[in-house]
Amino acid sequence: MDDLIVIKFGGSSITKKADNKFEMNYDILNQSAEELARVIKQTKIKFALVCGVGPFGHTNVKLYDLNSGIKTKEQEKGTEKTISDCNFVAQETASALERVGLRTKLVPGYVVCRQDNRKVILFDTEEYVKALHGGFIPITTGIMVKDKSLKWSVMSGDTVVAELCKQLRPKRVVMGTDVDGIYTKDPKVDLKAKLIENITKENVPLILEMVGESNSVDVTGGMKGKLEKLAQTLDGVPGEIFNLFTKGNLENVLLEKNVIDTKIRLWQLLKSFSI
Ligand code: ADP
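Now for a look at the structure at hand. A quick note: this is a predicted structure, and the numbers were derived from the prediction, not measured.

Let's talk about unusual backbone geometry
Stage number 1. The backbone of asparagine 117 shows a phi angle near 55 degrees, a positive value even though the residue is not glycine.
Stage number 2. Here asparagine 117 is to be found in the loop between strand E4 (113–116) and strand E5 (119–123).
Stage number 3. Take asparagine 117: its relative accessible area is 43%, and that puts it in the partly exposed class.
Stage number 4. In this structure, aspartate 235 takes a positive phi of about 50 degrees despite not being glycine.
Stage number 5. For aspartate 235, the position within the fold is in the loop between helix H9 (222–234) and strand E11 (239–243).
Stage number 6. Residue aspartate 235 is classed as partly exposed on the basis of its relative accessible area of 23%.

If you want it as structure tokens, here you go:
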């Protein structure tokens, strides 16, 4: 779909993830909703929205031990609570968008997705296509979904982005987070971390060299792991990671104006990582 942009609001920006609180960050949510509404007035582009849930997901999953199969009554209850908390994030996001005049359609992950051992075995995009054609913005959060082996398992926001990329082939994916993009190191830990403004197939070896990782050595996690995962998620669709806290950034990114962030063009990267 050449007229579709997938937007991700990271859990780090729309929830109080950094403080590990079960709270929305309404300032950022409302600011983002206003900017999106301004863009929608100016373009014919359609938008699908994916939300990270921050502590509403992670903290619950840890607390109730929901990552390796649902076996006990406590875990059943924990699953229910996690689903209801993640749905709260979806509803609050939809309300923020509706308040600025946008029409939204909630598409819960457990309605469209089935997993087996935490891997997607079915992801039905029909609900998205219907919503988009009807002039609605579909909203999906990370959430617990039915799992063939584990009963229930976590489906992350990034999984939704990956499936939408694979199946709907949007024009772009823009991902808002709480830092300016991808850095050579975690910018919150290392003040010398440098923002990587462009990631292309050509400069990936250089980036890995900069962060001290060889392209040929199999390093799990770290920068290579991050890039590999991003490449898999985007599946060749151009991506952009930017700071959703900076006023005007969402609007400018969507209108393709200049923003200091990370732009990703990784068409061939999957092959070069041989995955
Ligand atoms: P979100 O919840 O917005 O999807 P994450 O919390 O998963 O985002 O990722 C954003 C966080 O990742 C940042 O707050 C940053 O501290 C951390 N981080 C770790 N390594 C890096 C890196 N190399 N570049 C950018 N951010 C990084």
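Quick word on the site of the ligand
Stage number 1. Every one of the 17 residues lining the ligand counts as a neighbour, but Ser12, Lys17, Asp178, Asp186 and Lys188 are closest to it.
Stage number 2. Here lysine 8 contributes a side-chain N or O atom positioned 3.0 Å from an oxygen atom of the ligand.
Stage number 3. Secondary-structure elements contributing two or more residues to the shell around the ligand are helix H1 (11–14) and H9.
Stage number 4. Looking at the shell around the ligand, its residues break down into 5 nonpolar, 5 polar and 7 charged.

With respect to helix H2 (residues 26–42)
Stage number 1. Over its 17 residues, H2 runs 25 Å from end to end, which matches the ideal 24 Å to within 8%, given 1.5 Å per residue.
Stage number 2. Residues of H2 that are buried include every one of Ile28, Leu29, Gln31, Ser32, Ala33, Glu35, Leu36, Ala37 and Val39, and no others.

Thoughts on the nonpolar core
Stage number 1. Ile7, Leu36, Leu164, Ile199 and Leu254 are the most contacted members of the largest nonpolar core, which totals 73 residues.
Stage number 2. Ignoring anything within four residues of it in the chain, the contact list for isoleucine 7 reads Leu36, Phe47, Ala48, Leu49, Val50, Val174, Leu250 and Leu254.

Things to note about the layout of surface pockets
Stage number 1. Taken as a whole, the second largest pocket spans an internal volume of roughly 180 Å³.
Stage number 2. Classifying every residue of the lining of the second largest pocket by side-chain character gives 7 nonpolar, 2 polar and 2 charged.

As for the packing of aromatic side chains
Stage number 1. Using the criterion set out here, one finds 3 aromatic pairs in the structure.
Stage number 2. Aromatic side chains phenylalanine 22 and phenylalanine 56 sit 5.6 Å apart centroid to centroid with 85 degrees between the ring planes, which places their arrangement in the edge-to-face category. Highlighted residues: phenylalanine 22 in the loop between H1 and H2 and phenylalanine 56 in helix H3 (residues 55–63), separated in sequence by 34 residues.
Stage number 3. The exposure class of phenylalanine 22 is partly exposed, given its relative accessible area of 36%.
Stage number 4. Judged by its relative accessible area of 2%, phenylalanine 56 falls in the buried class.
Stage number 5. With a centroid separation of 6.0 Å and 20 degrees between ring planes, the pair formed by phenylalanine 123 and tyrosine 128 is classed as stacked.
Stage number 6. Three or more aromatic residues joined by ring pairs form one cluster here, namely Phe22, Phe56 and Phe88.

Quick notes on the rules
Along every chain, residues carry numbers that run from 1 in the direction the sequence is written. Only residues with pLDDT of at least 70 get local features here, since the model is predicted, and only at 80 or more are side-chain atom pairs given and counted; chain-wide, interface and lining totals rely on the full set of residues. Side-chain calculation: all heavy atoms of the structure are included, whereas hydrogens and water are not. Helix numbering and strand numbering both begin at the N terminus, where a helix is a DSSP run of H or I of at least 4 residues and a strand a DSSP run of E of at least 2. Relative accessibility under 20% of the residue-type maximum defines a buried residue, over 50% an exposed one, and the middle range a partly exposed one, all with a 1.4 Å probe and only protein chains included. Consider each residue's heavy atoms; a residue with any of them within 4 Å of a molecule or strand counts as near. Pairs of N or O atoms are called polar contacts if they sit within 3.5 Å, as long as, within protein, a hydrogen donor faces a hydrogen acceptor (for residues adjacent in sequence, only side-chain-to-side-chain pairs). Residue polarity follows a fixed list, in which Ala, Val, Leu, Ile, Met, Phe, Trp, Tyr, Cys and Pro are nonpolar, Asp, Glu, Lys and Arg are charged, and the others, Gly among them, are polar. To estimate how far a helix should extend, the number of its residues minus one is multiplied by 1.5 Å. Remark: nonpolar core denotes a set of buried residues (Ala, Val, Leu, Ile, Met, Phe, Trp, Tyr, Cys) joined through side-chain atoms within 4.5 Å. The criterion used for residue contact is that any of the two residues' heavy atoms lie within 4.5 Å. The method works on a 1 Å grid over the protein atoms by themselves. A cavity is a set of points holding a 1.4 Å probe that cannot get out, a pocket is an open set with protein on both sides within 12 Å along at least five of seven lines, and residues with an atom within 4 Å of a point line them. Grid points are joined across faces, edges and corners, and a volume is the space filled by probe spheres set on the points. Planes of paired rings set the category: under 30 degrees apart is stacked, over 60 is edge-to-face and the rest tilted, where pairs are Phe, Tyr or Trp rings (Trp by its six-membered ring) whose centres lie within 6.5 Å.

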